[in-house]
Amino acid sequence: MLHIKTIEGQLDAKGLKFAIVATRFNDFIVDRLIGGACDYLQRHGCDRENLTIVRIPGAFEMPLVAKKLAHSGEYDGIIALGAVIRGATPHFDFVSNEASKGLAQACLESGVPLGFGLLTTDNIEQAIERAGSKAGNKGAEAAAAVLETVRVMEQL
């Protein structure tokens, strides 16, 4: 059988620097996501002094701030954490779509990996489930994704 080269990222955050862009809107959910992301990174070797949390008003502002952080050259990865909960108007669709597209664009333009932890839920119960109860903690999952991607990118 032929040997197939496989590139994988090791989940070792030692020596890496991360910025967490976190919204103030729905902070009762977002604070739990931040806790999950920080806990995950620290359990995988990241020092507290290598974590920077940047609080911003809401999801619409995330792409601009993430882009600025990514282009600063100070961070190995960016983690975007927020919660957009559907209401009775189309506002949810506009905010979640533009934030998602903008974050992807910031990541692609800068080449800095971005962990996507922007919850887009139909109700508060779904957001609570994704911030540390039934569905796990999506902040920790975003941290895991960005950590692995940083380590893969180092090998490419």
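These notes cover the structure that comes with them. No experiment lies behind these values; they were computed from the predicted model shown.

Attention now goes to the nonpolar core. Of all hydrophobic cores here, the largest spans 28 residues; its most connected members are Phe 18, Leu 41, Ile 79 and Leu 81. Every element with two or more residues in this core is listed here: strand S1 (18-23), helix H1 (27-43), strand S3 (77-85) and helix H5 (138-153). Once residues within four sequence positions are removed from consideration, Leu 81 is found in contact with Ile 20, Val 21, Ala 22, Thr 23, Val 30, Leu 33, Ile 34, Ala 37, Met 62, Gly 117, Gly 139 and Ala 142. The next biggest cluster of nonpolar side chains, apart from the first, holds 19 residues, and it includes Ala 59, Met 62, Leu 69 and Ala 80.

Most of S1 is tucked away: six of the six residues are buried. The sheet contact formed by S1 and strand S2 (residues 51-56) spans six bridges and is parallel. Considered in S2, the bridge of Phe 18 is made with Leu 51. Of the crossover connections in this fold, the one passing from S1 over H1 to the parallel S2 is right-handed. Two strands pair when backbone bridges link them, and S1 and S3 are joined in this way by five bridges, in the parallel orientation. Bridge assignment links Ala 19 to a residue of S3, and that residue is Ile 78.

Moving on, we get to the sheet that holds S3. A sheet is described by the order of its strands in space; here four strands give the open sequence S2-S1-S3-S4, paired in parallel fashion. Each end of this open sheet is capped by a strand with a single partner; those strands are S2 and strand S4 (114-121). Averaged over all pairs of adjacent strands, the angle between strand axes in this sheet comes to 15°, irrespective of strand direction. Lying over the sheet, H5 contacts S1, S3 and S4, oriented at roughly 150° with respect to S3.

Let us now look at helix H3 (residues 91-110). Taking 1.5 Å of rise per residue, 20 residues should cover 28 Å, and H3 covers 28 Å from first to last C-alpha, within 8% of that figure. Every buried residue belonging to H3 is among Phe 92, Val 95, Ser 96, Ala 99, Gly 102, Leu 103 and Ala 106, and all of these are buried. Buried residues of H3, seen end-on, are gathered within an arc of 140° and therefore sit on one face of the element. Within H3, the exposed residues directed more than 90 degrees away from the buried face are Phe 94, Lys 101 and Leu 108. Residues of H3 that are buried in the fold lie against helix H2 (62-71), S3 and S4. Positive backbone phi, at 80°, marks Gly 111, one or two positions downstream of H3.

Right, let's talk about the side chain of Thr 121 for a bit. Within the secondary structure, Thr 121 is located in strand S4. A residue is classified by how much of its surface remains accessible, and Thr 121, at 2% relative accessible area, is buried. Within the structure, Thr 121 has its side chain in polar contact with the backbone oxygen of Asn 123 (distance 3.1 Å). In this structure, Thr 121 is in contact with Val 84, Ile 85, Arg 86, Phe 92, Gln 126, Ala 127 and Arg 130, ignoring residues within four places of it in sequence.

Conventions used here
Residues numbered from 1 in each chain as written. Predicted model: local features only at pLDDT ≥ 70, side-chain atom pairs only at ≥ 80, totals over all residues. Heavy atoms only, no water. Core = buried A, V, L, I, M, F, W, Y, C linked by side-chain atoms within 4.5 Å. Buried < 20%, exposed > 50% of the residue type's maximum accessible area, 1.4 Å probe, protein only. Helix = DSSP H or I, 4+ residues; strand = E, 2+ residues; numbered from the N terminus. Contact = heavy atoms within 4.5 Å. Pairing = 2+ DSSP bridges. Right-handed = clockwise from strand over helix to strand, strands pointing away. Axes fitted to C-alpha atoms, helices over the stretch in contact; angles between N-to-C directions. Expected span 1.5 Å × (residues − 1). Arc of directions from axis to C-beta. Polar contact = N/O pair within 3.5 Å; in protein donor to acceptor, adjacent residues only side chain to side chain.

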